[in-house]
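Inside the fold
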Amino acid sequence: MAMIRFGQHVVTSSQIFFQSALSFAFVNIRPVVPGHVLVAPKRLVERFVGLTREEVTDLFVSAQKVSMAVEREFKATSCTLAIQDGRDAGQTVKVSELLF
């Protein structure tokens with residue numbers, strides 16, 4: 001079974017529903033709302049400013065694709081994306097990510 005590190009956690013292939021060259025998306029194991037998913041870079045990077053330009057581009061293109069899929073799956077008409085970049089911003093896992 002394929003696994004990807006996400007900070008101090010391991011994300012298994014059963015949680016991952018999307019992968020690109022540099023990013024992956026997975027379901028949150030403790031969702032706050034239906035459709036609560038995360039998109040993260042495959043390389044472990046604690047803060048958003050630590051991502052390369054290529055990783056930022058891939059992350060946001062991936063987020064756009066995931067957003068369309070989540071809206072379609074949950075019959076939603078809108079989507080909230082957030083980046084909690086650092087402890088004081090509410091980041092609980094020390095890795096850069098986009099929250100849906």
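Keep in mind the model is a prediction, meaning the values are calculated, not measured. (Residues numbered from 1 in each chain as written. Predicted model: local features only at pLDDT ≥ 70, side-chain atom pairs only at ≥ 80, totals over all residues. Heavy atoms only, no water.)

1. Digging into unusual backbone geometry
- Positive phi is not limited to glycine here, since Lys75 has a value of about 50°.
- Mapping Lys75 onto the fold places it in the loop between helix H1 (53–74) and strand E6 (98–99). (Helix = DSSP H or I, 4+ residues; strand = E, 2+ residues; numbered from the N terminus.)

2. Describing the pattern of salt bridges
- Taken as a whole and judged by the stated rule, the model has three salt bridges.
- Arg43 is the salt-bridge partner of Glu55, the closest N and O atoms lying 2.7 Å from each other. Of this pair, Glu55 sits in helix H1 while Arg43 sits in the loop between strand E5 (37–41) and H1, and the two are 12 residues apart along the sequence.
- Take Glu55: its relative accessible area is 7%, and that puts it in the buried class.
- Here Arg47 makes a salt bridge to Asp85, at a shortest N to O gap of 3.0 Å. Here Arg47 is found in the loop between E5 and H1, whereas its partner Asp85 is found in the loop between H1 and E6, with 38 residues between them in sequence. (Salt bridge = Lys/Arg side-chain N within 4 Å of Asp/Glu carboxyl O. Buried < 20%, exposed > 50% of the residue type's maximum accessible area, 1.4 Å probe, protein only.)

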